[in-house]
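In case you want the letters, here they are:
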Amino acid sequence: MSDQIPISSPSPDPPPAAQVVIHGQKSEREAALERELAEERERRKAREIELAHLQDENHRLKSVGLSSSSPPTPAQRKSGWTFFDDED
């Protein structure tokens with residue numbers, strides 16, 4: 001006589017989370033987060049491109065302004081009394 005009980009119970013269904021992992025299904029929240037992330041990436045990319053264009057334009061305008069005119073001369077010192085001059 002054997003003391004072992006035969007196991008003939010049916011296997012339980014896997015939990016719903018396991019099904020999602022196995023089949024790769026995404027929840028509505030995950031899909032919404034992915035869309036939000038993609039939109040944020042597009043906004044950042046557009047902002048960086050715009051910034052690069054503005055920097056290029058700024059550099060171009062500064063280089064055109066410097067090459068067409070002579071370098072600025074230092075301002076002449078004003079004659080007269082200043083706070084630091086002696087009152088001799």
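Right above here is the structure, for reference.
Residues numbered from 1 in each chain as written. Predicted model: local features only at pLDDT ≥ 70, side-chain atom pairs only at ≥ 80, totals over all residues. Heavy atoms only, no water.

### Some points on the overall build of the protein chain
In step 1: Along the backbone of the protein chain there are two helices and zero strands.
In step 2: Counting across all 88 residues of the protein chain, residues that qualify as buried make up 0%.
In step 3: Total accessible area computed for the protein chain in this model is approximately 9400 Å², and 57% of it derives from carbon and sulfur atoms. (Helix = DSSP H or I, 4+ residues; strand = E, 2+ residues; numbered from the N terminus. Buried < 20%, exposed > 50% of the residue type's maximum accessible area, 1.4 Å probe, protein only. Areas by Shrake-Rupley, 256 points an atom, 1.4 Å probe, with all protein chains shown as cover.)

### Focus on the pattern of salt bridges
In step 1: Applying the stated rule across the entire model yields four salt bridges.
In step 2: The salt bridge involving Lys26 is made with Glu34; its shortest N-O contact spans 3.0 Å.
In step 3: For Lys26, a relative accessible area of 54% puts it in the exposed group.
In step 4: Looking at Glu34, the relative accessible area reads 43%, which means it is partly exposed.
In step 5: A salt bridge links Glu57 to Arg60, with the nearest nitrogen and oxygen atoms 2.5 Å apart. Here Glu57 pairs with Arg60, and both are found in helix 2 (residues 28-68), just three residues apart, close to one helical turn. (Salt bridge = Lys/Arg side-chain N within 4 Å of Asp/Glu carboxyl O.)

### Some remarks on the environment of Gln19
In step 1: Tracing the backbone shows Gln19 in helix 1 (residues 16-23).
In step 2: The class for Gln19 is partly exposed, based on a relative accessible area of 29%.

### Notes on helix 1
In step 1: Counting buried residues along helix 1, only zero of its eight residues qualify, which leaves the element largely exposed.
In step 2: Gly24, located one to two residues past helix 1, shows a positive phi value of around 70°.

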